[in-house]
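# Descriptive analysis of the structure
Spelled out, the chains give:
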Amino acid sequence: MTAMEGSRYLTQLVGAPVHFKCENLQRTGSFKVRGAYVRIAALSEEERARGVVAASAGNHAQGVALAAALLGVRSTVFMPAGAPLPKVAATREYGARVRTAGQVVDETLAAAREYADATGAVFIHPFDHPAVVAGQGTIGLEILEQCPEVRTVVVGIGGGGLAAGVALAVKSVRPEVKVVGVQAAGAAAYPPSLAAGRPVALESVSTMADGMKVGRPGDVPFRIIAELVDEVRTVSEDALSSALLLCLERAKLVVEPAGASPVAALLSDPEAFEGPVVAVLSGGNVDPLVLQRTLQHGMAAAGRYLSLRVRLPDRPGVLAALLGELSSADANVLAVNHVRTDPRLGVSEAEVELHLETQGPRHCAAVAAGLREAGYRILD
């Protein structure tokens, strides 16, 4: 059973208790091990002897590797050529034989299915199987045990296995509890699919949330989500990065963008959720470079960065005076670009492009206002 932690910040924002279900603290760093374990445990002795095979760029790979090792089953995991090295290493350490195939996950899936056909290994789908959905449903049962007063469960949706399992478990015991699914706007296959009454494939997907880069809902989870999930919301990339930043700063939890999607939904429309609310943080496996870029994006979205262009007289000491003004305003200078050769400038003029770290939107406005009051010309 994974931990459940309260969030004081979101509780104040929503006006009701908000709790995090911390699947990012799983041994493999995500919820995927639950479904993989139930699926492999249900195999016959003859199927176990043939071994299992999966395809994944990260979380499912690690979940299958660990579940198979715990059950004494041989596992092979296909990963795309560009898979993050830490995830490849972790998958090997959990006991899987890792093979590289393809540049994108679709190509990797095809290679894994070919391997299954050639060797007889059982293919373990990441979300489109009843046993996988049942395994993810254990999260819903734990939520009801850990927070019996819950009124709303918010959970991210990629292919749909997690949301389907949670909804099935929660609604079977407490049908009055609302289950809200969340998708990244750039990979939101469920809203058009639900409108059409069948799974519809997107032409393309684009999101920082790797765990949500699924272009078509799974047939098995789609049927459950269509029946039991009360609402599916979409969130922007800015909201995802702001949510990841909030989890890190306020809750001291490392969460990947897909795992932060329920928090993004709460931040985007806090009055829409009846409390107590449980937000499922589905995973924390994020590449350090991706984490760095996402945090920077989140700080920008939260108004923590300010970029300015200032026109100055081109004479000694003027730039130093400008930087002194910024220091007095408690703005941290990240970068300065001093331009003297732009044809728009006069003979005795220079332009300075400044990138600043601030304390938030109000501080940004105060810094800009202070420069104007000091006589500096800020360009649009």
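How each quantity is defined
Residues numbered from 1 in each chain as written. Predicted model: local features only at pLDDT ≥ 70, side-chain atom pairs only at ≥ 80, totals over all residues. Heavy atoms only, no water. UniProt positions renumbered as here; feature names shortened; annotations may be inferred. Helix = DSSP H or I, 4+ residues; strand = E, 2+ residues; numbered from the N terminus. Buried < 20%, exposed > 50% of the residue type's maximum accessible area, 1.4 Å probe, protein only. Contact = heavy atoms within 4.5 Å. Lys, Arg positive; Asp, Glu negative; His and termini not counted. Charge placed at Lys NZ, Arg CZ, Asp CG, Glu CD. Core = buried A, V, L, I, M, F, W, Y, C linked by side-chain atoms within 4.5 Å. Salt bridge = Lys/Arg side-chain N within 4 Å of Asp/Glu carboxyl O.

With an unreviewed UniProt entry as reference, the protein is termed threonine ammonia-lyase, source organism Streptomyces xiamenensis. Regarding the protein, the UniProt comment filed under Sequence similarities (unreviewed entry) reads as follows: "Belongs to the serine/threonine dehydratase family." Entered under Cofactor (unreviewed entry) in the UniProt record, the comment concerning the protein runs "pyridoxal 5'-phosphate".

We now examine the overall build of the protein. Along the backbone of the protein there are 15 helices and 14 strands. When its C-alpha atoms are laid out on the principal axes, the protein stretches across 85 × 45 × 40 Å. Taken over 380 residues, the protein has a buried fraction of 53%. If you take every contact in the protein between residues at least 6 apart in sequence, the share linking residues at least 24 apart comes to 70%. Looking at charge distribution, the protein has the averaged site of its 35 positive side-chain charges lying 2 Å from that of its 39 negative ones.

The next point concerns the environment of Pro130. Looking at the element boundaries, Pro130 is found in helix α7 (residues 130-146). Placed 35 residues apart in sequence, Pro130 and Gly165 show a C-alpha to C-alpha distance of 9.0 Å.

Turning our attention to the nonpolar core. Counting residues in each nonpolar core, the largest one holds 37 residues, and the members touching the most others are Phe20, Val235, Leu240, Val263, Leu266, Phe273 and Leu281. The dominant element in this core, judged by the number of residues it contributes, is helix α11 (residues 237-250), at seven residues. Apart from residues no more than four positions distant in its own chain, Phe20 is found in contact with Ala3, Met4, Glu5, Ser7, Leu10, Ala251, Leu253, Val263, Ala279 and Leu281. By size, the runner-up hydrophobic cluster in this structure holds 28 residues, among which are Val133, Val155, Val170 and Val177.

Turning our eyes to something else, we now look at the pattern of salt bridges. Under the counting rule described, the total for this entry stands at 14 salt bridges. A salt bridge links Arg151 to Glu274; its shortest N-O distance comes to 3.3 Å. Taken together, the residues Arg151 in the loop between α7 and β7 (152-156) and Glu274 in the loop between α12 (261-268) and β10 (277-281) connect sequence positions 123 residues apart. By relative accessible area, Glu274 is classed as partly exposed at 47%. Measuring nitrogen to oxygen at the nearest pair gives 3.0 Å for the salt bridge that ties Glu351 to Arg309. One end of the pair, Glu351, is in strand β13 (residues 349-357); the other, Arg309, is in strand β11 (residues 305-313), and 42 residues separate them in sequence. Relative accessible area serves as the criterion here: at 25%, Arg309 is assigned to the partly exposed category. The network of salt bridges with shared partners includes Lys21, Glu23, Arg34 and Glu142.

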